[in-house]
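Observations on chain architecture
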Amino acid sequence: MNENPRLATPDADTDPGEVTQAQTRAEEQESWGDFLKFLLKLVVIVLIFRSFIFSPFTIPSESMLPGLRNGDYLVAAKWPYGYSRLSLPLEVPLIPGRIFASLPERGDVVIFKHPVDGTDYVKRAIGLPGDTIAMRGGTVYLNGDPLPQERGSFVDIPMSANTSCRSDGGTVVDGNLCRYRQVIETLPSGKSYRTIDFGRSMQDDFEPIVVPSGKIFVMGDNRDNSLDSRFPPQSGGGVGLVDADLLVARATMVLWSTDGSAEWLLPWTWFTAARWDRIGSTL
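Residues numbered from 1 in each chain as written. Predicted model: local features only at pLDDT ≥ 70, side-chain atom pairs only at ≥ 80, totals over all residues. Heavy atoms only, no water.

This next bit is on the nonpolar core. Counting residues in hydrophobic clusters, the biggest one holds 27 residues, and the most contacted among them are L68, V110, I111, F112, V122 and V218. Mapped by element, the contributors of at least two residues to this core are β2 (72–77), β3 (109–113), β4 (120–127), β13 (215–219) and β15 (247–257). In terms of residues, this core owes the most to one element, β15, which gives 5 residues. Look past the residues within four positions of F112 in its chain and what remains in contact with it is T119, D120, Y121, K123, V218, V239, V242, L246, L247 and V248. M135, L147, V211 and M219 belong to the second-largest nonpolar core, a separate cluster that totals 12 residues. (Core = buried A, V, L, I, M, F, W, Y, C linked by side-chain atoms within 4.5 Å. Buried < 20%, exposed > 50% of the residue type's maximum accessible area, 1.4 Å probe, protein only. Helix = DSSP H or I, 4+ residues; strand = E, 2+ residues; numbered from the N terminus. Contact = heavy atoms within 4.5 Å.)

Given below as structure tokens:
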């Protein structure tokens, strides 16, 4: 027997308008359900990406001048030093200890948690476990040998709301540039990077110390304006010898940079404030 398609239609007592409305509501609910599923998947993907692959960080100070500036937004690789609860959003304790642990290479720009207040800090790894570190007259000594330094050059950094000029180390040039004495330092591996020298200061000298197992000796590139491993750990201040378990990521590239003049209510200033020449700079 052939089925009669009319049997599937509503009976005479059913209002066709009610059926149409019910179908519309069902379709809307299905659409919202699909959207929520998509949104949930997107959130999970973003969380996985930020936790285990790359994550953004900001530069809130001038301790890493001239390479990094206040107002830079970094993208940092999460996998080089392993994973721990510090890798996860809100530091959710889902990872026991530190897995796939690895030490940085000398010269890496590392992001780590301050040992006292837990805030994100960015410095350069100079000494690894077993290294002997000292400083004399502004020259870093690594395992008894001075790191080669190229002195005498200068770097001009544009002044802005995010970047001032230190009167004890910089000189204002042309009204909007701050000129600092630059020192190019080279590690035994051959890796070189730029540092800033204000001249003689109390931070330029410290007696040799041996970096203990599981610790990292870090320094800011702005050597006379950085609270780093030369200073004892205290909230908002020095970091001392950084525990390797506090490592979070390796800074990789400047993703965005702003001079601080943007206003949220004036969208065009988001672009006029951008430091376009810094975007995409690798570290």
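Locating D259 in the fold gives a position in the loop between β15 and α2 (269–272). If we skip the residues at most four places from it in the chain, D259 touches S160, A161, N162, T272, A273 and R275.

In this section: the state of the cysteines. This structure, assessed with the given rule, holds 1 disulfide. A sulfur-sulfur distance of 2.1 Å marks the disulfide that ties C165 to C178. On the S-S bond that ties C165 to C178, the torsion sits near 65°, and the link is right-handed. In this pair, C165 is assigned in the loop between β8 (149–158) and β9 (171–173) and C178 in strand β10 (residues 177–186), connecting sequence segments 13 residues apart. C178 gets classed as buried once you look at its relative accessible area, which sits at 1%. (Disulfide = S-S within 2.5 Å.)

Before going further, it helps to spend a moment on the sheet that holds strand β6 (residues 139–142). Taken together, the 4 strands give an open sheet; going across it, the order is β7-β6-β5-β12, and neighbouring strands pair in antiparallel fashion. Only two strands of the sheet have a single partner each, and these edge strands are β7 (145–146) and β12 (206–210). Taken together, the 4 bridges between strand β5 (residues 132–136) and β6 define a ladder with antiparallel strand orientation. Counted as the bridge partner of M135 is V140 from β6. (Pairing = 2+ DSSP bridges.)

Further remarks concern the environment of K113. On the secondary structure map, K113 appears in strand β3. Judged by relative accessible area, K113 falls into the buried class, the value being 14%. With 131 residues separating them in the primary sequence, K113 and A244 have C-alpha atoms 10.0 Å apart. When near neighbours in sequence (up to four residues on either side) are disregarded, K113 contacts L86, E91, G118, T119, D120, L246 and V248. Engagement of the side chain of K113 in a polar contact is seen with the side chain of D120, the distance being 2.8 Å. (Polar contact = N/O pair within 3.5 Å; in protein donor to acceptor, adjacent residues only side chain to side chain.)

Everything listed here is a matter of geometry and, on its own, says nothing about what the molecule does.
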